[in-house]
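Listed here are the chains, written in short residue letters.
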Amino acid sequence: MRIGIIGTGRIGSTLARILVAADHQVVLANARGPQSLTDLLAELGPKGGWGGWS
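Going along each chain's sequence as written, the residues are numbered from 1 onward. Given that the model is predicted, a residue must reach a pLDDT of at least 70 before its local features are reported, and side-chain atom pairs must reach 80 or more before they are shown or counted; all residues, however, enter totals for whole chains, interfaces and linings. Think of the side-chain values as coming from all heavy atoms in the structure, minus any hydrogens and water.

A word on the pattern of salt bridges. Definition used for salt bridges: Asp or Glu carboxyl oxygen within 4 Å of a side-chain nitrogen of Lys or Arg. Applying the stated rule across the entire model yields two salt bridges. For Glu43, the salt bridge identified is with Arg17, shortest N-O distance 2.6 Å. On the criterion of sequence distance, the pair formed by Glu43 in helix H2 (residues 38-44) and Arg17 in helix H1 (residues 10-21) is long-range, its members being 26 residues apart. By relative accessible area, Arg17 is classed as partly exposed at 34%. One salt bridge connects Lys47 with Asp23, and the closest N-O pair in it is separated by 3.1 Å. Taken together, the residues Lys47 in the loop between H2 and strand E3 (48-50) and Asp23 in the loop between H1 and strand E2 (25-29) connect sequence positions 24 residues apart. We classify Asp23 as exposed; its relative accessible area is 53%. A run of H or I in DSSP becomes a helix once it reaches four residues, and a run of E becomes a strand once it reaches two; helices and strands are each numbered from the N terminus. Working definition: with a 1.4 Å probe on protein chains only, accessible area under 20% of the residue-type maximum means buried, over 50% means exposed, and in between means partly exposed.

Okay, structure coming up:
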């Protein structure tokens, strides 16, 4: 399943990790853009992605 998460603070990032571990695709969005998500996206691997605004 592909799931979108708005907000990547403690709750959003923890939820993303849990969902990726359960073999779901996760698309993240936050107000600060993809530059602030580099470490988290690297941790999530190919099942994690950024889907915010440019």
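What follows deals with the sheet that holds E3. A sheet is described by the order of its strands in space; here three strands give the open sequence E1-E2-E3, paired in parallel fashion. Edge strands, defined here as strands with exactly one partner in the open sheet, are strand E1 (2-6) and E3. The sheet shows a mean angle of 25° between the axes of neighbouring strands, direction not considered. Here a strand pair is declared whenever DSSP counts at least two bridges between the two strands. Two strands pair when backbone bridges link them, and E2 and E3 are joined in this way by three bridges, in the parallel orientation. Considered in E3, the bridge of Leu28 is made with Trp50. By definition, residues are in contact when any of their heavy atoms lie within 4.5 Å. Inter-axis angles, ranging from 0 to 180 degrees, are taken between N-to-C directions of lines fitted to C-alpha atoms, where helices are fitted over the stretch in contact. Across the face of the sheet, H1 comes into contact with E1 and E2 while running at roughly 170° to E1.

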